[in-house]
Structures are given as structure tokens and as C-alpha cells.
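# Breakdown of the fold
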Amino acid sequence: MNVQEQALRREVLAELEWEPRLGSSTVGVAVASAVVTLTGVVKTYAEKMAAERAAKRVKGVHVVINEIDVKLASPHARADPEIAAAVVRALEWDVLVPHTRIEARVADGWVRLEGTVDWEYQRAAAAEAVHRLTGITGVTNLIAVKPQLVAEDVEKRIEAALKRSADVEARHIHVEAHEGKVVLRGRVHSWVARDTADAAAWAAPGVATVEDELEVAS
């Protein structure tokens, strides 16, 4: 590990220590170039996701590989039928989720979501609604986005949204759109900017898939 990698590792460890949702959990960090690998054991799936998001917030991180294991403590353990019932209720109670179009399956605490929605925010909201539930060890989101609307000026709408964003230097991003597929290319200054660009692309009506080929600048 070179000096730059050691410095990045220290920054990631500091951010993990700063993250209150991790509590007393210890997460290992390895850095190769700008790729960060997280290891260790946490008590809940929510902690695992909190660790990943904390690492992504650090400047200079290009990729996060989350290899953290979830080993539920006895107070958090739940049987699969109980988890499944909680998942159904969580989806039903989330106003952003079209729950009648989503099917959930649970095996050994791992939740698998399937179905189709019109918007990416609905797909993301479904996962968000369940990943903090007690007893969950993981979530696989297989919900597909199949929009009913098709916008002819998708590229222009996305480019305009990027220009409005304070987090993105739009001039460094190239947008290509064709038949519901959007490809983003170029460079951004942080992972936050990359996520913002992705969100802007998904927000355009008629978008079914987004391929993010953006590079995070060091």
C-alpha cells in the first residue's frame, strides 16, 4: 500500500468512526488504488449499508466493495415468516412504493424484491423501505423499471437538470439517450456528484435503464 492509499484508508476509517449508525461495530478497510474494500462483522443490515455509504462519502474513493457480514445478535433475530410479514407492511405503508406491483420473498433473512415499476425512485424506495427492518441480513433488488411514458427530448431534460445541480459540473458530462436507455460518460469530482448525475438521469420520464460510465476524478 503506497502513501496515497494509506492516506485514503485513514480518511475512510475516520469517516466510519464518525458514522453514528455503526455504533461499536468494527469495520476493516483495505485500499488498492481508489478501490475500497470493507470487511468485518456487523449486527444489522442497516449497519452494513451505513458503512458503505460512509465510505462513498470520502473524497478520492472511486469504488466500494462491501464484503461485510451480517451476524444478527439474538435481540435482532427473526423467523422468515415474521420478516416477510414486516416487509409486506413496510411496502404497503411507504407512499412512494406501488406495493401491489412488487413481490417479496425471504430466505434465511435475505429479502428478494421482484416486480415492475414506472420510476427508479419507486424501485429505490422499495429497498429503502425494508433494509432497516429487524432480522434482515441482506436485500436483493430485482425490481425492473418499465416506464409507460416516452420523452423525445430526454437528453435535453437531463442536461438541463445537471446544469441546475450545485453538486455537478455539467460541462464534463456527456449524455446519450435512446429508446429509454441513458448512458452517462465523463468525469465528476466526487461520488456524491456521480450519484447526483445518476439521479438526474433516472428522473427523466421514459428512462428504463441508466449506464453510468462516469469516472470519479482523484
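Here, the structure is the one placed above.
Residues numbered from 1 in each chain as written. Predicted model: local features only at pLDDT ≥ 70, side-chain atom pairs only at ≥ 80, totals over all residues. Heavy atoms only, no water.

## Some thoughts on the packing of helix H5 (residues 154-164) against helix H6 (residues 191-202)
Quick note on the threshold: Every angle, taken between N-to-C directions, lies between 0 and 180 degrees, and every axis is a line fitted to C-alpha atoms, over only the stretch in contact when it is a helix. The helix count covers DSSP runs of H or I at least four residues long, the strand count covers runs of E at least two residues long, and both are numbered beginning at the N terminus. Less than a right angle of anticlockwise turn of the near helix away from the far helix marks a crossing as left-handed, whereas a clockwise turn marks it as right-handed. Note on contacts: a residue pair is in contact if any heavy atoms of the two residues lie within 4.5 Å. For this scheme, ten residues count as nonpolar: Ala, Val, Leu, Ile, Met, Phe, Trp, Tyr, Cys and Pro. Four count as charged, namely Asp, Glu, Lys and Arg, and the remainder, Gly too, count as polar.
One way to put it is that H5 packs onto H6 with a least axis distance of 9 Å and a crossing angle of 145°. The way H5 lies across H6 gives a crossing that is right-handed. Here Ile158, Ala161 and Leu162 of H5 come into contact with H6, specifically with Ala197, Ala200 and Ala201. Counted by class, the contact of H5 with H6 contains six nonpolar, no polar and no charged residues.

## Quick look at the layout of surface pockets
What counts is decided by this rule: Only protein atoms enter the 1 Å grid used here. Points where a 1.4 Å probe fits but cannot escape make up a cavity, open sets with protein on both sides within 12 Å along at least five of seven lines make up a pocket, and a residue lines them when an atom lies within 4 Å of a point. Grid points are joined across faces, edges and corners, and a volume is the space filled by probe spheres set on the points.
When its volume is computed, the largest pocket comes out at roughly 860 Å³. Looking at the largest pocket, it is lined by 21 residues, and the ones nearest its centre are Arg53, Lys56, Glu120, Ala124 and Asp195. Of all the secondary-structure elements, those providing two or more residues to the lining of the largest pocket are helix H2 (45-56), helix H4 (120-130), strand S7 (138-141) and H6. It is H6 that provides the largest number of residues to the lining of the largest pocket, a total of six residues. Of the residues contributing to the lining of the largest pocket, the split by class is ten nonpolar, two polar and nine charged.

## Regarding unusual backbone geometry
The backbone of Ser33 sits at a positive phi, close to 60°, despite the residue not being glycine. Here Ser33 lies in the loop between strand S1 (27-32) and strand S2 (35-42).

## Overview of the environment of Val192
You can see Val192 is positioned in helix H6. As a C-alpha pair, Val192 and Asp118 span 74 residues in sequence and 25 Å in three-dimensional space.

## Comments concerning the environment of Glu179
This is how the line gets drawn: Burial here depends on accessible area, computed with a 1.4 Å probe over protein chains only, as a share of the maximum for the residue type. Under 20% is buried, over 50% is exposed, and the range in between is partly exposed.
Along the chain, Glu179 falls in the loop between strand S9 (173-178) and strand S10 (181-188). Take Glu179: its relative accessible area is 74%, and that puts it in the exposed class.

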